[in-house]
Amino acid sequence: MNKIQPLKKNQDFQHVFKKGQSTANRQFVIYVLKQREQAYARVGLSVSKKIGNAVTRNRIKRYIREGLRHYENRFSTGIDCVIIARKPTSELTYWEMLKNLKHVLKKSDLLKMDKDDSR
């Protein structure tokens, strides 16, 4: 089974927004709610219509999903998480978005430390 599952239901999103802790940087806001009984993590994505047209929003979501897949081995389990993209993400390249996503995931303690992170 995958370590990261999608968070899909509106009820689950609302529960994370109300009870979860938020962390942010300029590009992303992350709400995290610990679910100790889960053996996996659930992640939901939110990209507002204010950011751009459907093509832009879907590109941002693809980039975020790929970034999460990239860090899946180090991702914490037993959590529900909602990642909200802010306006500046529409102008970022994939590599810039990956760097900013990693920054906010570390800031919210969702990524376990790796040998490469000692710098």
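Residues numbered from 1 in each chain as written. Predicted model: local features only at pLDDT ≥ 70, side-chain atom pairs only at ≥ 80, totals over all residues. Heavy atoms only, no water.

(A) Region of interest: the pattern of salt bridges. The full count for this structure, using the stated rule, is three salt bridges. Taking the shortest distance from any N to any O, the salt bridge between Arg42 and Asp12 comes out at 3.3 Å. Here the residue Arg42 occupies a position in strand S4 (residues 41-47), and Asp12 occupies one in helix H1 (residues 10-19), the gap between them amounting to 30 residues. The burial state of Arg42 is the same as that of Asp12; both residues are buried. Sharing partners across several salt bridges, the network here consists of Asp12, Arg42 and Asp80. (Salt bridge = Lys/Arg side-chain N within 4 Å of Asp/Glu carboxyl O. Helix = DSSP H or I, 4+ residues; strand = E, 2+ residues; numbered from the N terminus. Buried < 20%, exposed > 50% of the residue type's maximum accessible area, 1.4 Å probe, protein only.)

(B) Main features of the pairing of strand S3 (residues 28-34). The buried count for S3 comes to five of seven residues, which makes it a mostly enclosed element. As paired strands, strand S2 (residues 21-24) and S3 are joined by four bridges and run antiparallel to one another. Opposite Gln21, over in S3, you have Val32 as the bridge partner. In sequence, S2 turns back onto S3 through a hairpin of three residues. With seven bridges connecting them, S3 and strand S5 (residues 79-85) associate as antiparallel partners. When the bridges of S5 are listed, Lys34 appears paired with Ile79. (Pairing = 2+ DSSP bridges.)

(C) Quick look at the nonpolar core. With 26 residues, the main nonpolar core has Ile64, Phe75, Ile83 and Leu105 as its most contacted residues. Within the residue set of this core, elements represented by two or more residues are S3, S4, helix H2 (54-70), S5 and helix H3 (94-107). For this core, the leading source of residues is H3, giving six residues. If sequence neighbours within four positions are ignored, Ile64 has contacts with Phe28, Leu45, Ile83, Ala85, Met97 and Leu101. Grouped together as the second largest cluster of nonpolar side chains are five residues, Leu7, Phe13, Val16 and Leu33 included. (Core = buried A, V, L, I, M, F, W, Y, C linked by side-chain atoms within 4.5 Å. Contact = heavy atoms within 4.5 Å.)

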